[in-house]
Amino acid sequence: MQLLACHACISYVYILVLTAGPGVDVPAPDMGTGEREMSWIADTYAMTYGQGDINSHACVTGKPISQGGIHGRVSATGKGLFHALSYFLNDAYFLSKIELTPGFKDKSFVVQGFGNVGMHASRYLHRQGARLIGVMEKDVSLFSLRGMHPKELEDYKLEHGTLKGFPMADETTDDLFAADCDILIPAAGEKQITKRNAGQVKAKIILEGANGPTTPEADKILIANNRLVIPDMYANAGGVTVSYFEWLKNISHVSFGRLLFKYERDSNDYLLESVQQSLEAKFGRSGGPIPITPSEEFKKRMGGASEKDIVHSGLEYTMERSAKQIMSRAHEYDLGLDLRTAAFVAALEKIYIVYRDAGLTFS
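Just so we're clear, the structure is a prediction, and the values are computed from it rather than from any experiment. (Residues numbered from 1 in each chain as written. Predicted model: local features only at pLDDT ≥ 70, side-chain atom pairs only at ≥ 80, totals over all residues. Heavy atoms only, no water.)

Student: What is the right way to look at the packing of aromatic side chains in this model?
Tutor: Aromatic ring pairs: the centre-centre distance and the angle between the two ring planes describe each pair. One pass over the full model with this rule turns up 8 aromatic pairs. Here Tyr93 and Phe94 contribute two aromatic rings whose centre-to-centre distance is 5.0 Å and whose plane-to-plane angle is 80°, an arrangement assigned as edge-to-face. A relative accessible area of 29% places Tyr93 in the partly exposed class. Through a chain of ring-to-ring contacts, three or more aromatic side chains come together here, namely Phe88, Tyr93, Phe94 and Tyr234. (Phe/Tyr/Trp six-rings, centres within 6.5 Å; stacked < 30°, edge-to-face > 60°. Buried < 20%, exposed > 50% of the residue type's maximum accessible area, 1.4 Å probe, protein only.)

Student: Even after reading the chapter, I still don't get the pattern of salt bridges, so can you show me in this structure?
Tutor: Side chains carrying opposite charge are able to pair once their charged atoms draw close together. Going through the model one piece at a time under the given rule, you end up with 15 salt bridges. One salt bridge connects Glu246 with Lys63, and the closest N-O pair in it is separated by 2.7 Å. Of this pair, Glu246 sits in helix 9 (residues 238-252) while Lys63 sits in the loop between helix 2 (35-47) and helix 3 (76-88), and the two are 183 residues apart along the sequence. Summarising the burial analysis for this pair, Glu246 and Lys63 share the class buried. (Salt bridge = Lys/Arg side-chain N within 4 Å of Asp/Glu carboxyl O. Helix = DSSP H or I, 4+ residues; strand = E, 2+ residues; numbered from the N terminus.)

Student: Teacher, can you tell me more about a nonpolar patch on the surface here?
Tutor: On the surface, Met233, Phe344, Leu348, Ile351, Val354, Tyr355 and Leu360 cluster together into a nonpolar patch covering about 690 Å² of accessible area. When residues of the nonpolar patch are assigned to their parent elements, the largest contribution, 5 residues, is made by helix 13 (residues 339-357). Relative to the assigned elements, Val354 resides in helix 13. Residue Val354 is classed as exposed on the basis of its relative accessible area of 57%. (Patch = residues over 30% accessible without salt bridge, like charges linked within 9 Å, V, L, I, M, F, W, Y side chains within 5 Å. Areas by Shrake-Rupley, 256 points an atom, 1.4 Å probe, with all protein chains shown as cover.)

Student: Could you clarify how one ought to interpret the pairing of strand 1 (residues 108-112) in this entry?
Tutor: On a regular strand, each side chain points to the face opposite its neighbour's, so the side chains alternate between the two faces of the sheet. Within strand 1, 5 of the 5 residues are buried, leaving the element largely enclosed by the surrounding structure. Relative to strand 2 (residues 131-136), strand 1 is paired through 5 bridges, and the arrangement is parallel. Residue pairing for strand 2: Val110 is matched across the bridge by Gly134. Note on the crossover from strand 1 through helix 5 (residues 116-127) to strand 2: the handedness is right-handed. The pairing of strand 1 with strand 5 (residues 183-186) spans 4 bridges and is parallel. Opposite Phe109, over in strand 5, you have Ile183 as the bridge partner. (Pairing = 2+ DSSP bridges. Right-handed = clockwise from strand over helix to strand, strands pointing away.)

What follows is the structure, given as structure tokens:
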């Protein structure tokens, strides 16, 4: 089966490379693909159309670390969802409109699709105190008011290849899109929330982990019912953001942090030493040396930022900046809960500025 998948992937590459490449179009993994498939594509490209191109492995992202991948890419989409949600879960204006209290603590959530995106998003929400009460998979739906531990679900699925029979929750035939919860995360296919079931959604927040899980008709119904939809074009952008970081790493041929790691570590040591010397010069050493003890948080950072630290920091900053832009447009144009339109406006304004500054005119 693996050999068949490999041949199919290689055959696809011969067609793909006609319109793709490190400086043209750079594919990333999606449903049904992962590090293995990206490695096959990169290797095939490097041996054929990319021969002699030093940047050939930048033709795709989502590769294994040993093949030019980047730390943090696997969990990036789920982590991006977490950051997207956190900004809106702490904004008084939007929370007042949907009558929800701030923060993750004791918020209940349901996930459709416990793959790479849904699983990692669940883990991040769980760590902040949210409660996973429902999981929808293609072959089974699980429900537990007590809550399920994402790591236990992950381990069970890895061992059995399915969530059927998971002992810590009840299997149900109920439509969990209509479950009584605070947050709904569709993280599977597109067109899952339609005009037929949108009116039954009880969740106050719909966090779009999949591409296009909500139809335009359903979007209107959700907004009319005072539901906050955090749109896919922003919410699930963590994956493509870190893919961009991986592409930058590939074309620069050096991992993030490598050039500054030792310098930052030495600088922090010198900083503590300087503080100690200043205190001893001021107060003397009659009672012995004055020790400087860094806090636990500072101690973690003293050694310098690793590639993973830099990737996570860059992703968080990107999601925060975009959230502020979307919120700003929603306020400026009085869009209420329509974050999708606000996101489109923010994006179109950027495009307009680029065209305007390039000297093109608009009539």
